[in-house]
Amino acid sequence: MPSNLILEVNNLSKNFHIKNSNIFSKDKVIKALDDISFNIKKGEIFGLVGESGCGKSTLGRSIVGLTKDVEGQIFFEGKNIKNIKRLSKKVQIIFQDPLSSLNPKKKIGWILEEPLKIHKIGNKEQRLNMVNKILDLIGLDNSYKDKYAKELSGGQRQRISIGSALMLNPELIIADEPVSALDVSVQSQILNLMLDLHEKLNLAYLFISHNLDVVYYMCDRVAVMYAGKIVEIASAEEIYDKPLHPYTKVLLNSVLKFDENIDLSNEITEGNRNLSVEFSCPYYKKCTYAKEECRTKAPKIKNINGENELEHLVRCNLF
Ligand SMILES: Nc1ncnc2c1ncn2[C@@H]1O[C@H](COP(=O)(O)OP(=O)(O)OP(=O)(O)O)[C@@H](O)[C@H]1O
Ligand SMILES: [Mg+2]
């Protein structure tokens, strides 16, 4: 593996099996991840977009080991991390709703120190110094150590969850919709903090978001997911200026609207599994450019850029 890669994900697949309460009906299989491969370079901000239910969180959670029984390989700095018991200190995850991930009974100082204690890092004084240093990095003064999460605003809480992720000096942070729950006015402050930390600490991010404008602002490269598959990967500029996959074009043309009744084409039953997934493009029913071939042939991912350019990968029979 070339040494400039921090993360390499190869052929990751994850099915969720949902038991049907009606014994005469078949169980449902949700292909949340379907043969996902991509990599992230050291210090790179890699975006992941796609509609609700396409598998973004499952992918993020699989990388940090929160989702189990995943097929495929995940290499972090060349080491296969999929089957290790303890999560790597070097990969951390932050979530949309910091309130649910911060212990309500403990003060912020305790919360920030906890990862150091778990990993037996430093003595009390050294740990306190590290907590103060991190508070400074996330733009909060030392008095926040004595507060509880419920006393903080949404933006301050998200700063703390970023701070908590930083305590172990990670090289990659999986950020799953880190600003979606915040007021618009606060979103840009948190995004700028994340960019600042990326610069100062050479942090790489897997940045998961619904919001394409945010992704364009933040990311170097972007992957577009549809129904458990990556359908396009390119630089943020190319995704915006030269989108190739019909689904990416739709995403760009419509500010993403989430319809409760959306037809999630990654939901399939055991019976028609082969037919619907293995032998067709998952997007063909909705695709305005679909040809007969798209019903019978699953497209493979191809690079449409030349050898000396940054890859532009697209999974579509039209290319
Ligand atoms: N623990 C689980 N058990 C069963 N099904 C699950 C589980 N987690 C996710 N799924 C299903 O897997 C698919 C992908 O879900 P996931 O949460 O990864 O999507 P997402 O892209 O993060 O969506 P959103 O944008 O709404 O956060 C969905 O159909 C979801 O219902
Ligand atoms: Mg999600």
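Residues numbered from 1 in each chain as written. Chains lettered and ligands numbered in written order. Predicted model: local features only at pLDDT ≥ 70, side-chain atom pairs only at ≥ 80, totals over all residues. Heavy atoms only, no water.

A few points about the packing of helix H3 (residues 108-118) against helix H5 (residues 154-166)
Item 1. Relative orientation of the contacting elements H3 and H5 amounts to 25°, with a least axis distance of 8 Å. Classified by the interaxial angle, the pair formed by H3 and H5 is roughly parallel. In contact with Ile-108, Ile-111, Leu-112 and Pro-115 of H3, H5 contributes Ile-160, Gly-163 and Ser-164.
Item 2. When grouped by side-chain class, the residues that make up the contact of H3 with H5 number 5 nonpolar, 2 polar and no charged. (Axes fitted to C-alpha atoms, helices over the stretch in contact; angles between N-to-C directions. Helix = DSSP H or I, 4+ residues; strand = E, 2+ residues; numbered from the N terminus. Parallel < 35°, antiparallel > 145°, perpendicular 65-115°, else oblique. Contact = heavy atoms within 4.5 Å. Nonpolar A, V, L, I, M, F, W, Y, C, P; charged D, E, K, R; others polar.)

Things to note about the confidence of the model for the chain
Item 1. In the predicted model, the chain carries a mean pLDDT of 89, and the fraction of residues at 70 or more is 90%.
Item 2. With pLDDT under 50 throughout, residues 256-276 is counted as low confidence; its partners more than four residues away or in other chains account for 41 contacts. (pLDDT = per-residue confidence, 0-100.)

Section: the site of ligand 1
Item 1. Taken together, the neighbourhood of ligand 1 is formed by 13 residues, with Ser-52, Gly-53, Lys-56, Ser-57 and Thr-58 sitting nearest.
Item 2. In the model, an oxygen atom of ligand 1 is placed 2.9 Å from a nitrogen or oxygen of the Ser-57 side chain.
Item 3. Every element with two or more residues in the shell around ligand 1 is listed here: strand E1 (5-18), strand E2 (28-41) and helix H1 (56-63).
Item 4. The dominant element in the shell around ligand 1, judged by the number of residues it contributes, is H1, at 3 residues.
Item 5. Taken together, the residues of the shell around ligand 1 break down into 5 nonpolar, 6 polar and 2 charged. (Near = heavy atom within 4 Å. Polar contact = N/O pair within 3.5 Å; in protein donor to acceptor, adjacent residues only side chain to side chain.)

What to know about the side chain of Asn-132
Item 1. Residue placement: Asn-132 occurs in helix H4 (residues 124-137).
Item 2. In contact with Asn-132, other than residues within four places in its own chain, are Asn-142 and Lys-145.

Concerning the environment of Gly-163
Item 1. Mapped onto the fold, Gly-163 is located in helix H5.
Item 2. Classification of Gly-163 by relative accessible area gives buried; the value is 0%.
Item 3. Between the alpha carbons of Gly-163 and Leu-112 there is a distance of 7.0 Å; along the sequence they are 51 residues apart.
Item 4. Those residues within four positions of Gly-163 in sequence are excluded, and the remaining contacts are Leu-112, Ile-134 and Ile-138. (Buried < 20%, exposed > 50% of the residue type's maximum accessible area, 1.4 Å probe, protein only.)

Regarding the nonpolar core
Item 1. Counting residues in each nonpolar core, the largest one holds 56 residues, and the members touching the most others are Ile-160, Ile-162, Met-194, Phe-207 and Met-218.
Item 2. Considering each element in turn, this core owes the most residues, 7 residues, to helix H6 (residues 184-201).
Item 3. Beyond its immediate sequence surroundings of up to four residues, Ile-162 is in contact with Ile-94, Ile-138, Ile-190, Leu-193, Met-194 and Leu-197. (Core = buried A, V, L, I, M, F, W, Y, C linked by side-chain atoms within 4.5 Å.)

Thoughts on H3
Each full turn of the α-helix corresponds to 3.6 residues, which orients residues three or four apart in the same direction.
Item 1. Within the sequence span of H3, burial applies to Ile-108, Gly-109, Ile-111, Leu-112, Glu-113, Pro-115 and Leu-116.
Item 2. Contacts from the buried residues of H3 go to H4 and H5.
Item 3. One or two steps after H3, the chain reaches Lys-120, where phi turns positive at roughly 55°.

What about the pattern of salt bridges?
Item 1. In this structure the tally under the stated criterion is 10 salt bridges.
Item 2. Close ionic contact of Arg-127 with Glu-113 constitutes a salt bridge, the shortest N to O distance being 2.8 Å. Separated by 14 residues along the polypeptide, Arg-127 in helix H4 and Glu-113 in helix H3 bring together distant segments of the chain.
Item 3. On the basis of relative accessible area, Glu-113 is assigned to the buried category, the value being 6%.
Item 4. In this structure, the salt-bridge partner of Glu-293 is Lys-291, at a minimum N-O distance of 3.0 Å.
Item 5. Classification of Lys-291 by relative accessible area gives partly exposed; the value is 37%.
Item 6. Several salt bridges converge on common partners, so that one network encompasses Lys-31, Asp-34 and Lys-229. (Salt bridge = Lys/Arg side-chain N within 4 Å of Asp/Glu carboxyl O.)

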